[in-house]
Amino acid sequence: MNKHFDDSRYYLARAAEHAKLGLTETLAPYATRLRAAVGRDEPEPDPSRLEAVRDELLALERRAEGQARDAVGSARATLSRPGADESADGR
């Protein structure tokens, strides 16, 4: 069942990313007009490639940390069950 939650979280993140891209594309003309009206003709600079890679690595680190915590918790739960110290073949 945990796999289903991981899949759901993945697809939810993808949906949010696509929604953000759609909103950005839809609102771009309005943002450009607003910046021109306010006097800020140039848009904010995009993050550099180094910053983008750094952000991706931080997200990957957080995800790996969460998966490791889940695995440790699952292992602890398995080991704390009665009869967990017996081998699988019943010897």
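A quick note: this is a predicted structure, and the numbers were derived from the prediction, not measured. (Residues numbered from 1 in each chain as written. Predicted model: local features only at pLDDT ≥ 70, side-chain atom pairs only at ≥ 80, totals over all residues. Heavy atoms only, no water.)

A few points about the overall build of the protein chain
Quick reminder of the rule: We count a stretch as a helix when DSSP gives it H or I for four or more residues in a row; a strand needs E for two or more, and each element gets its number in order from the N terminus. Buried residues are those whose accessible area, probed at 1.4 Å on protein chains only, stays under 20% of the maximum for their type, while exposed residues exceed 50% and partly exposed ones sit between those limits. Note on areas: Shrake-Rupley, 1.4 Å probe, and residue coverage restricted to the protein chains presented here.
Each helix and strand in the protein chain was counted, giving 2 helices and 0 strands. Sorting the 91 residues of the protein chain into buried and exposed places 0% on the buried side. Approximately 8,600 Å² of the protein chain is accessible, and the part contributed by carbon and sulfur atoms is 58%.

Considering the packing of aromatic side chains
Both the distance between ring centres and the angle between the ring planes are used here to describe each pair of aromatic rings. Heads up, the rule is: Between rings of Phe, Tyr and Trp, where Trp is taken as its six-membered ring, a pair exists when centres lie within 6.5 Å; planes separated by under 30 degrees are stacked, by over 60 edge-to-face, and by other angles tilted.
Counting across every chain of the model gives 1 aromatic pair. Ring geometry for Tyr-10 and Tyr-11: centres 5.0 Å apart, planes at 75 degrees, overall edge-to-face. Note on Tyr-10: relative accessible area 45%, which makes it partly exposed. Looking at Tyr-11, the relative accessible area reads 53%, which means it is exposed.

A word on the pattern of salt bridges
Selection criterion: What makes a salt bridge here is a side-chain nitrogen of Lys or Arg within 4 Å of a carboxyl oxygen of Asp or Glu, nothing more.
This model, assessed by the stated rule, comprises 2 salt bridges. For Glu-65, the salt bridge goes to Arg-69, with nearest N and O atoms at 2.7 Å. With Glu-65 and Arg-69 both in helix α2 (residues 49-80) and 4 residues apart, this pair spans about one turn of that helix. Looking at Arg-69, the relative accessible area reads 57%, which means it is exposed.

Quick look at a nonpolar patch on the surface
This is how it is decided: Patch membership requires over 30% relative accessible area and the absence of a salt bridge. Like charges are linked within 9 Å, and nonpolar side chains (Val, Leu, Ile, Met, Phe, Trp, Tyr) within 5 Å.
Taken together, Leu-23, Leu-27 and Tyr-30 make up a surface patch of nonpolar side chains, about 330 Å² in accessible area. Tracing the backbone through its elements, the reader meets Leu-23 in helix α1 (residues 2-38). Looking at Leu-23, the relative accessible area reads 53%, which means it is exposed.

Brief notes about α1
Operational definition: A residue's bend is the angle separating two fitted axes: one through the seven residues that end there, the other through the seven that start there.
If you look at α1, its biggest bend is around 50 degrees, right at Ala-28, and the proline Pro-29 turns up within four residues after that. Backbone geometry just downstream of α1 places Gly-39 in the positive-phi region, at approximately 105 degrees.

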